[in-house]
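Each chain, letter by letter, is given below.
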Amino acid sequence: MDLLEPGNPDQIAADLRAAFEQRYGAPAAVVGRAPGRVNLIGEHTDYNRGLVLPLALPHATYAAAAPRTNGRVRVASLQSDATWEGTPVDAGPGGPQGWTAYAAGVLWALGEAGVDVPGVDLLVDGRVPLGAGLSSSAALECSVAVAVLALAGRDLDADARQLVVDACIRAETEVAGAPTGGMDQTVSVLAEAGTALLVDFDSDETRPVALDLDGLTLLVTDTRVSHELVDGGYAARRADCEAAAAELGVPSLRQADLGEVDRIPDQRVRARARHVVTEIDRVRPVAEALAAGDRDTVERLFALSHASMRDDFEISCDELDAAVAVAVEAGAVGARMTGGGFGGSSVALVPDERVEAVMRAIDTEFALRGFAAPAHLRAEPSAGAGLV
Ligand code: GAF
């Protein structure tokens, strides 16, 4: 059984500082840390000005940084041989490619926001599984942003946190070219330990929700079907949502009425809109149920959410459907796929004494069906980005 541990932040930071000094020949001045996330409910609702309920994972990305006097930037990772070198201004759209677009793009976006970005050496260590729908991209961006802001002499107060969220969204959408909606950067920076974050993308309000998880574990299963947000599926879903809003004459699907949605002539666009409108309506009841320990409501709404993503939004896959079905059969209170979809992870609410059994049942089913072996992790609601 593959259980992914988050590691000890102090130890990871110490090891990263040692690797940094070996690579660049001088010590790091700061280490930034930003978590991945798992979303509990509210999928593909953020770019429709809807509601989401993610929480920050204990699994994070770490970015060691030191200022340079020549104004130049060097970006490297412990997970990849690809590197990037240039100036913060060079790191904008059309500049860095691949994983370095997410890291270096943040320097460009911070500069655009008026931050006096210094030349910098960066080395990152990502402990959020890659391509697992757990927001390794946002963790990377936000870890770099908090490190660089510290080098620029800024405290991470509420204004600076919002600046980081906005800059990281620009890096992801404009430099890396992933047309995502902002949930991942928001929770990676604003999350508070022990809580999920209810975000309203219409009013831009955020509210921590304390979860009653007494006797329960949030178990995430990475199906190891790799998902990518820069390929066409995510953008196509977003375009369908925009087409639906245009058809209904509303600024976004947040303003759409389910009865009106049923009259959209194009079957595919109608189904996409139905997912978004019904999913937004599930978010507050799930937040209330998780806060009150109401297991029946969580089970019912997780099941409806998963079916909606599978049938109406068409972003699930056999592995995700299997992980969800087997988790519930083996004793989970509720389970659903989480994140952007097309692979990635499921999340299940599991009584503590059933966690081992659920993990084993999923592993067995995957082996029987010839799927790659999945990995599991415990999603303890953790704090947002900061310095280690
Ligand atoms: C990805 C995106 F980055 C988010 O903005 C969100 O749309 C999510 O998919 C689906 O809920 O994580």
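Residues numbered from 1 in each chain as written. Predicted model: local features only at pLDDT ≥ 70, side-chain atom pairs only at ≥ 80, totals over all residues.

Further remarks concern the sheet that holds strand S7 (residues 195–200). The sheet built from 3 strands is open, its strands ordered S2-S7-S8 with antiparallel pairing. At either end of the open sheet lies a strand with only one pairing partner, and these are strand S2 (51–52) and strand S8 (205–210). Both S7 and S8 contribute to a ladder of 6 bridges, which runs antiparallel. Bridging from a neighbouring strand, valine 199 pairs with threonine 206 of S8. Packing of helix H5 (residues 183–190) onto the sheet brings it into contact with S2, S7 and S8, and relative to S7 it is tilted by some 135°. (Pairing = 2+ DSSP bridges. Helix = DSSP H or I, 4+ residues; strand = E, 2+ residues; numbered from the N terminus. Contact = placed C-beta atoms within 7 Å. Axes fitted to C-alpha atoms, helices over the stretch in contact; angles between N-to-C directions.)

Moving on: the UniProt feature "domain: GHMP kinase N-terminal" (unreviewed entry) in the chain. Taking the UniProt record as the reference, the feature "domain: GHMP kinase N-terminal" (unreviewed entry) is found at residues 102–190. With 60% helix and 9% strand, residues 102–190 has end C-alpha atoms that lie 19 Å from one another. (UniProt positions renumbered as here; feature names shortened; annotations may be inferred.)

A separate point is the domain arrangement of the chain. The domain architecture assigned to the chain consists of domain 1 (9–208) and domain 2 (210–378). Here the C-alpha centroids of domain 1 and domain 2 sit 25 Å apart. In this complex, domain 1 contributes 32 residues to the contact, which on the side of domain 2 involves 40 residues. Those elements that provide at least two residues to the side of domain 1 that touches domain 2 are strand S1 (30–39), S2 and S7. For the side of domain 1 that touches domain 2, the element with the highest residue contribution is S7, accounting for 3 residues. In terms of residue class, the side of domain 1 that touches domain 2 is made up of 16 nonpolar, 13 polar and 3 charged. (Domains from an automatic or database assignment. Nonpolar A, V, L, I, M, F, W, Y, C, P; charged D, E, K, R; others polar.)

On to the packing of helix H6 (residues 232–248) against helix H8 (residues 267–292). Look at H6 against H8: their axes get within 9 Å of each other, and the N-to-C directions meet at 95°. By the angle class used here, H6 and H8 are roughly perpendicular. In this structure, H6 uses Arg237, Asp240, Cys241, Ala243, Ala244 and Glu247 to contact H8, whose residues at the interface are Arg268, Val269, Arg272, Ala273 and Val276. Across the contact of H6 with H8, the residue classes break down as 6 nonpolar, no polar and 5 charged. (Parallel < 35°, antiparallel > 145°, perpendicular 65-115°, else oblique.)

Reading across the sheet, the 4 strands line up as S10-S11-S9-S12 and stay open at both edges, with antiparallel pairing between neighbours. The open sheet terminates on both sides in strands that have one partner only, identified here as strand S10 (334–338) and strand S12 (375–378). Strand-to-strand, the axes of this sheet are offset by a mean angle of 25°, without reference to chain direction. Pairing between strand S9 (residues 216–222) and S12: 4 bridges, direction antiparallel. Paired with leucine 219 across the two strands is arginine 378, which belongs to S12.

As a further point, take the nonpolar core. By size, the foremost hydrophobic cluster in this structure holds 129 residues, and its most contacted members are Ala65, Val106, Ala145, Val148, Val164 and Ala327. Top contributing element to this core by residue count: helix H3 (residues 136–151), with 11 residues. Both domains that furnish three or more residues to this core are identified here as domain 1 (9–208) and domain 2 (210–378). Dropping the residues within four chain positions of it, alanine 145 is found in contact with Val106, Leu110, Val164, Ala167 and Cys168. (Core = buried A, V, L, I, M, F, W, Y, C linked by C-beta atoms within 7 Å. Buried ≥ 20, exposed ≤ 12 C-beta atoms within 10 Å, placed from the backbone.)

A few words on the pairing of strand S4 (residues 73–77). With 4 of 5 residues buried, S4 is to be regarded as a mostly interior element. Taken together, the 3 bridges between S4 and strand S5 (residues 84–86) define a ladder with antiparallel strand orientation. Among the inter-strand pairings, valine 73 is bridged to a residue of S5, identified as glycine 86. In sequence, S4 turns back onto S5 through a hairpin of 6 residues.

Before going further, it helps to examine the pairing of S10. Buried residues dominate S10, accounting for 5 of its 5 residues. Summarising the sheet, S10 and strand S11 (residues 345–351) pair through 5 bridges and their orientation is antiparallel. Bridging from a neighbouring strand, methionine 337 pairs with serine 346 of S11. Hairpin geometry of S10 and S11 is characterised by an intervening segment of 6 residues between the two adjacent antiparallel strands and by a positive phi of about 90° at glycine 339.

Right, let's get into the site of the ligand. Glu43, Thr180, Gly181, Met183 and Gly340 are the nearest of the 14 residues found near the ligand. Residue composition of the shell around the ligand, by class: 3 nonpolar, 8 polar and 3 charged. (Near = placed C-beta within 6 Å.)

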